[in-house]
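The primary structure of each chain is shown beneath.
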Amino acid sequence: MNQNPHAQVKFTLECVSILLQEKEDWESVRKTISDVNFITRLKNLDVYHIPAKVEQIIRAKLKTNPNFKPNDIKQINFAAKSFCEWVLAVVSFN
């Protein structure tokens, strides 16, 4: 796993970690995405019950990055594009 990912990839995975209610520092993010249950956690996230505090944190973070768009992310890393889409879908659901 890349020790120094592109800033947009790192931002994307930090957003995923926030929604999973995990720490968003890079070391914690790496542990989260390395977990064998990572994809299952994404699929099973209860979008109906995201805590207001988490929603507030993720919305504030997204406002700091106007380039957080799947097509922009895709140019950097295709897998990160899918995570970007997931984040945006979860946020827009609420």
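All of these numbers come straight from a predicted model, not from anything done at the bench. (Residues numbered from 1 in each chain as written. Predicted model: local features only at pLDDT ≥ 70, side-chain atom pairs only at ≥ 80, totals over all residues. Heavy atoms only, no water.)

A word on the pattern of salt bridges
Oppositely charged side chains may form a pair once their charged atoms are brought near each other. Under the convention used in this document: When a carboxyl oxygen of Asp or Glu lies within 4 Å of a side-chain nitrogen of Lys or Arg, that pair is called a salt bridge. Elements are defined by DSSP. Helices are runs of H or I of four residues or more, strands are runs of E of two residues or more, and each kind is numbered from the N terminus. Accessibility here uses a 1.4 Å probe with only protein chains present; expressed as a share of the type maximum, an area under 20% marks a residue as buried, one over 50% as exposed, and anything in between as partly exposed.
A full pass over the atoms with the stated rule returns 6 salt bridges. Note that Glu14 and Lys61 form a salt bridge whose closest N and O atoms lie 2.9 Å from each other. Residue Glu14 is found in helix H1 (residues 7-19), and its partner Lys61 is found in helix H4 (residues 52-63); the two are separated by 47 residues along the sequence. Considered together, Glu14 and Lys61 belong to a single accessibility category, that of buried residues. It is possible to trace a salt-bridge network through shared partners that takes in Glu14, Glu24 and Lys61.

Focus: H4
Here is the rule: Expected span of a helix, by definition, is 1.5 Å for each gap between consecutive residues, and there is one gap fewer than residues. In this description, contact between two residues means that some pair of their heavy atoms is separated by no more than 4.5 Å.
Over its 12 residues, H4 extends 17 Å from the first C-alpha to the last, a length consistent with the 16 Å expected when each residue adds 1.5 Å. Those residues of H4 hidden inside the fold are in contact with H1 and helix H6 (78-93).

So, the side chain of Thr32
Mapped onto the secondary structure, Thr32 falls in helix H2 (residues 26-34). Among the residues examined, Thr32 registers a relative accessible area of 6% and is labelled buried. Setting aside its immediate chain neighbours within four residues, Thr32 contacts Ser17, Leu20, Glu22, Phe38 and Arg41.

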